[in-house]
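Next come the chains, spelled out residue by residue.
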Amino acid sequence: PRTLYPWRRAPTQGRVRRAWVIPPISVSENHKRLPFPLVQIKSDKQQAGGVIYSIQGPGVDEEPQGVFSIDKFTGRVFLNALLDREKTDRFRLRAFALDLGGSTLEEPTDLEIVVVDQNDNRPVFRQEVFTGQVLEGAVPGTLVTRAEATDADDPETDNAALRYSILEQGGPQLFSIDALSGDIRTVQVGLDREVVAVYNLTLQVADMSGDGLTATASAVITLQDVNDNAPEFTGEEFFLEAAEAVSGVDVGRLEVEDRDLPGSPNWAARFTILEGDPQGHFAIRTDPRTNEGVLSVVKPLDYESCERYTLKVAVQNEAPLQAAAPRAERGQARVSVQVRDVNEPPVFRENPLRASLAEGAAPGTPVATFSARDPDTRRPQRLSYSKDYDPEDWLHVDGATGQVQTQRVLSPASPFLKDGWYRAVILAQDDASPPSTATGTLSIEILEVNDHAPELSPPWGSLCSAPDQGSGLLLGATDEDLPPHGAPFHFQLSPRVPELARNWSLSPVNVSHARLQLRHQVQEGLYRLSLLLRDSGQPPQQREQPLNVTVCRCGQDGTCLPGAAALRAGGAGISLGALVIVLASVILLLLLALLVALLARSRQQSWDKGLLHGLQDDLRDNILNYDEQGGGEEDQDAYDMDQLRHPEELAALSAPLGRPLMRRDAPFGRARPQAPRALPTSPTDIADFILDGLEAADSDPSVPPYDTALIYDYEGDGSVAGTLSSILSSLGDEDQDYSCLQDWGPRFARLADLYGPP
């Protein structure tokens, strides 16, 4: 057909040129007689000798080049090199026929050369070693693994027909291999891992259906372990020893053996105590490295209660045992544990011990008997007691009996009282060698006693004189006792003074406060009330206390007016009798100060007159120092400079003695209480002290100033400023009498002539 040979023309009428149609040419690979003629092509378009032949394609002018050649005059095609079918199984060439002039005589035709296979390749296993696993005791026919091989020869020929076989098993014929597929299977029972764990097989594969070339490989088959061997103790009885009064210690090891694979669940042992330990003193764990059972004491043993324990112990694997496996002969063992006697420490009968004691208990008050017992009943011993921790050294412990009592009064403010509890540590020691000591904790609850009465806080206050103004006086109380011996408090006007209830009333606000109010309007001033306060303790404590109340005039907002505030500040917290005494003392001191000032002034005037009189005969110039300026003869309140030189005396005299002094020329009630000033500590501070005092006095209208201020009205006529004279004089100098200057000496006489009458 034309589709298979496109270079062929469609058949036409006439003769068919069969010489130009070339069938496939077969040639064996590895042909050694070279050059070897393959075929001769011929065209009938020209006479012999008039045609030139050529070929093209792989093996000629394409890689691999030089394999084929053609005689261009005869058309004979030759093989020039060895062929390898595994590399190239066929060649497709094209043949051409040209005349001597180079013109095409025929259409190009295909020349196909087929390489015939020879058995020149051995089969090859895909792996050098094949591995497989199978459970021990597997039934015959169980697939273990598969061996595979390849052959490079033509698979359509016997050159690649492979057959598998087992050359060697190293023992009984337990495995077989399928010759065609290479599957390796078990062939009989008896696989025992404990006998042979690994089998090594030698495999062979051959081509030509087993008669040709061969190759070998290995197969390693491992038997997987199953629990077909029960664990067993190495002995029927074990003897161990353990000390009493200890726990968490190992006593000994129980050795077992198991033929199964070490480290696997089929080999790992698990131990159980079947008998002999009803109270759970012992436990057994498995050592994962040696598979031994480790017996330990988890609950302290007591030699006096039991000297020897006989345990019945069983062992088995973590994995269940195969049903067909033989039972263990020594799956159980007897373990004897001898208890070794040791000196045990004493044991307190109750630890910690709790006791209660009232606060303020007197020395010698019994607290508790903190006694212990010695568990070593087979060796009687004597116990002694002592203190290990008593931070306040409050307790005394009897060394023979353990009786605890107080040896002094415990302070309620002790820092070692935590939430009302005091903790001490007591020791009990036996007389063995070496001795053993036990530690006990004694917790003492200090019971609160209602031994304090409540107190007013604060014991003074103020309220409005009109009952409908303000909210009254809020009174509070405190109590040193702890609940429930404190609040709620009960406030009551003293029943000893029944007339108080006529003007005053008390109403509770909460558990710790009450409100004092007036029943009707009363006169302003200081009132001293007597209140009775009672707490809620059992039995209750009560106290009658004074309360100083300042009744003042109030504004619309219910607060005291400024004048009333000054009154309240001077009288609050001071009783009426004390106030009278203070005022009397102040008046007496003022009178004494005035008397001393008058005497000093009279002496100064007499001295001045004598001095001036002596100046009449003294014509020398004299310099007089005037160090202070006052308000003239009317200034009787000039500051005494001696007080500035001794400020501590001034501070003592200026202590508040009731109501502060008021200036007559200052608005009533505008005084502001001054904070106490610190006295100078060194001479360098005296100047600052004086300046600060002057500034404070100048800005405080409620106390006498250091330099009395005078009031100057406008005087004079015709001058914008007016006169500045501080002397109350008339409008002119003519109204003045200067005749007195005549008696003061020659110099003053001249002044008298100038200013006096003619």
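So, how was this worked out
In this numbering scheme, every chain counts its residues from 1 along its sequence in written order. Thresholds applied to this predicted model are a pLDDT of at least 70 for local features of residues and 80 or more for the giving and counting of side-chain atom pairs; totals over whole chains, interfaces and linings are not thresholded and use all residues. Water and hydrogen atoms were dropped before computing side-chain values, which therefore reflect all heavy atoms in the structure. Pairing of aromatic rings covers Phe, Tyr and Trp, the last through its six-membered ring, and needs centres within 6.5 Å; plane angles under 30 degrees mean stacked, over 60 mean edge-to-face, and all others mean tilted. By definition, any uninterrupted DSSP run of H or I lasting at least four residues is a helix, any uninterrupted run of E lasting at least two residues is a strand, and each is numbered from the N terminus. The classification of residues rests on relative accessible area computed with a 1.4 Å probe and restricted to protein chains. Under 20% of the type maximum is buried, over 50% is exposed, and intermediate values are partly exposed. Think of it as a cone above the ring: NZ of Lys or CZ of Arg counts as a charge over the ring if it is within 6 Å of the ring centre and within 35 degrees of the ring normal. Here, two cysteine sulfur atoms that lie within 2.5 Å of each other are counted as a disulfide. Criterion for a salt bridge: a side-chain nitrogen of Lys or Arg within 4 Å of a carboxyl oxygen of Asp or Glu.

Caption draft 1: Main features of the packing of aromatic side chains. Enumeration according to the criterion identifies 10 aromatic pairs in this entry. Ring centres of phenylalanine 233 and phenylalanine 271 lie 6.0 Å apart, and the angle between their planes is 50 degrees; on these two criteria the pair is classed as tilted. With a gap of 38 residues between them, phenylalanine 233 in strand E17 (residues 232–233) and phenylalanine 271 in strand E21 (residues 269–275) connect regions that are remote in the sequence. As far as the burial class goes, phenylalanine 233 and phenylalanine 271 line up, both buried. Between the aromatic rings of tryptophan 504 and tyrosine 527, the centroid separation amounts to 5.8 Å while the plane-to-plane angle is 70 degrees, which identifies the pairing as edge-to-face. On the criterion of sequence distance, the pair formed by tryptophan 504 in strand E39 (residues 504–508) and tyrosine 527 in strand E41 (residues 525–534) is long-range, its members being 23 residues apart. Relative accessible area serves as the criterion here: at 3%, tryptophan 504 is assigned to the buried category. Through a chain of ring-to-ring contacts, the aromatic side chains of Phe125, Phe130 and Tyr164 assemble into a single cluster. Seen from the ring of tryptophan 421, arginine 354 lies directly overhead, with NZ or CZ sitting 5.6 Å from the centre.

Caption draft 2: Looking closely at the state of the cysteines. Counted under the stated rule, the structure contains two disulfides. Across a sulfur-sulfur distance of 1.9 Å, cysteine 464 and cysteine 554 are joined as a disulfide pair. Disulfide cysteine 464 to cysteine 554: torsion about the S-S bond roughly -100 degrees, handedness left-handed. Of this pair, cysteine 464 sits in strand E36 (residues 460–464) while cysteine 554 sits in the loop between strand E42 (542–552) and helix H2 (562–571), and the two are 90 residues apart along the sequence. Each member of the pair, cysteine 464 together with cysteine 554, is buried. Across the disulfide, cysteine 552 is cross-linked to cysteine 560 (sulfur-sulfur distance 1.8 Å). Between cysteine 552 and cysteine 560, the S-S dihedral sits near -50 degrees, and the bridge is therefore left-handed. With its disulfide-bonded cysteines labelled consecutively along the sequence, the protein is connected as 1-3, 2-4.

Caption draft 3: Region of the structure containing the pattern of salt bridges. Under the criterion given, the structure shown has 20 salt bridges. In this structure, the salt-bridge partner of aspartate 287 is arginine 253, at a minimum N-O distance of 2.9 Å. Taken together, the residues span a long stretch of sequence, with aspartate 287 in the loop between strand E22 (282–286) and strand E23 (293–297) and arginine 253 in strand E19 (residues 249–254) at a distance of 34 residues. Note on aspartate 287: relative accessible area 14%, which makes it buried. Assessed through its relative accessible area of 43%, arginine 253 is described here as partly exposed. A single salt-bridge network, built from bridges that share partners, covers Arg90, Arg92 and Glu112.

Honestly, that's just the spatial picture; any functional story needs more than this.
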